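Residue strings, one per chain:
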Amino acid sequence: MIGIIYLGNNPQTEERLKYLPGRQVIFTKTYKEAATVCSSSKGNEHFILFYEKNVRAEDITAITYLRKNNKDVYIILLTAAMDEEERQTYQQCGINDTLDINASVTDMNKKLMFICNREDVLFTRQTTKQKILSFKIPLWKRTFDIVFSLIGLIIAAIPMIITAIAIKIEDPKGPVLYKSKRVGTNYTIFDFLKFRSMYNDADKRLKELSKSNNQYAEHKEDEKEPKTVITSPLGEEAEQNMFDLGMESEMMISDDEVMLVGDDFVVSESDFSKQKEEDINNAFVKIENDPRITKVGRFIRKTSIDELPQLFNILKGDMSIVGNRPLPLYEAEKLTADSSIDRFMAPAGLTGLWQVEERGKGGNMSAEERKQLDILYGQTYNFALDMKIIWRTLFAFIQDENV
């Protein structure tokens, strides 16, 4: 059972809270009054406290007191945007979450539903909580991963050596392996390995292409035809990587520049936002022959040879043969504020459920469908399911289709 408390003096917020469907809100004016209400809990009753941000010094005192005297309370700070220093200060005091100060009744109720659906996890004592939130790969699965990856590395040794030599011959300035930070099981960040498939000066090549296309667009505009621009400075593939899994949750960001990191690219969040807006307002031009990708790169991507170094990730324990695909940092960050966080309570894998299911749909699968299949795998995976996914993945290679 969860009780709802509001601590603040904002009439607009109080009015919105009164209209929460099926929920009775207790309104308090002082932190000691709120703490008393929380202390009066009976049995398994817990509380969600909406705390209206006020003067920082007073807030620190109030939140620290509430956190010290009430263990079973989830504190949501109602606030406008904060800078990095301010956000860290409030986190250290003990807030659990944030919500826009002008959030609608619908947004407030969604937040409450999210918390209520995870009451057993969020309000459990710390020792038990760690046990619930920590996923440990089963012995049978880890044993299979070690044996499979060792056999795979032995079989693939010669193709991997040839690929490494070919990469160095075509573009000797860059490294053979490309490393990108990925988020896997238990939201653990690790170095995800792939054979490099792009030229070392990929950014320069893309700028040249962008410039030539813009010149073409300007020429067409002079002829009074619709202006054509490249919607993404990252190229078609990077853009697809960005939107594949969706950006579903709203999160506060600092005033400092934030960098979004993914496979083969780094882009500032401000640039990403501009490009997202252009996607709506401008025509879309695909880069059919991306100048950043090497000849070797095209071949190893088409044949998935570029993925072979991930066998080392599996042998190390960063990944499993079958699991949920590890995500780039910016994508993973966008999936921490809703139910999709459950996808991280499962192994990170080389192939997975949605990859083989998507093939059956001809490559047409929504971001929501992928997310739900990731969650489903985490809840139901077993040896038989893993063998079925591996078989379907191998069958896809035989059919010369992408998985």
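Structural notes, computed from the coordinates. Keep in mind the model is a prediction, meaning the values are calculated, not measured.

Moving on, we get to the overall build of the protein. Looking only at helices and strands, one finds 17 helices and 12 strands in the protein. Long-range pairs, those at least 24 residues apart, make up 70% of the contacts in the protein with a sequence separation of at least 6. Approximately 21,900 Å² of the protein is accessible, and the part contributed by carbon and sulfur atoms is 55%.

Where strand β6 (residues 177-183) meets strand β7 (residues 189-195), 7 bridges bridge the pair, whose relative direction is antiparallel. For S180, the partnering residue across the bridge sits in β7 and is F192. The sheet contact formed by β6 and strand β11 (residues 327-328) spans 2 bridges and is antiparallel. Opposite V183, over in β11, you have L327 as the bridge partner.

Quick look at the sheet that holds β7 now. Strand order in the open sheet formed by 3 strands is β7-β6-β11, with antiparallel pairing between adjacent strands. If you trace the sheet from one side to the other, it starts and ends with β7 and β11, each paired once.

This paragraph deals with the packing of aromatic side chains. In total, this model carries 7 aromatic pairs according to the counting rule given. On the numbers, 5.2 Å between centres and 65° between planes, the contact of Y31 with Y65 is edge-to-face. Here Y31 is found in helix α2 (residues 31-39), whereas its partner Y65 is found in helix α3 (residues 56-69), with 34 residues between them in sequence. For Y31, a relative accessible area of 25% corresponds to the partly exposed category. One aromatic cluster in this structure is built from W140, F144, F148, Y377, Y381 and F383. Sitting over the face of the ring of F192, R182 holds its NZ or CZ atom 4.0 Å from the ring centroid.

Right, let's get into the nonpolar core. Membership of the largest hydrophobic core comes to 27 residues, with the highest contact counts inside it found for F195, I300, M319, V322, Y377 and I389. When contributions to this core are tallied by element, the ones reaching two or more residues are α8 (139-170), β7, α12 (295-302), α13 (310-316), β10 (320-322), α15 (353-360), α16 (367-380) and α17 (383-398). In terms of residue count, the dominant contributor to this core is α8 (4 residues). Beyond its immediate chain neighbours, meaning those up to four positions away, I389 contacts V322, T351, G352, L353, V356 and Y377.

Parameters at a glance
- Residues numbered from 1 in each chain as written.
- Predicted model: local features only at pLDDT ≥ 70, side-chain atom pairs only at ≥ 80, totals over all residues.
- Heavy atoms only, no water.
- Helix = DSSP H or I, 4+ residues; strand = E, 2+ residues; numbered from the N terminus.
- Contact = heavy atoms within 4.5 Å.
- Areas by Shrake-Rupley, 256 points an atom, 1.4 Å probe, with all protein chains shown as cover.
- Pairing = 2+ DSSP bridges.
- Phe/Tyr/Trp six-rings, centres within 6.5 Å; stacked < 30°, edge-to-face > 60°.
- Buried < 20%, exposed > 50% of the residue type's maximum accessible area, 1.4 Å probe, protein only.
- Lys NZ or Arg CZ within 6 Å of the ring centre and 35° of its normal.
- Core = buried A, V, L, I, M, F, W, Y, C linked by side-chain atoms within 4.5 Å.

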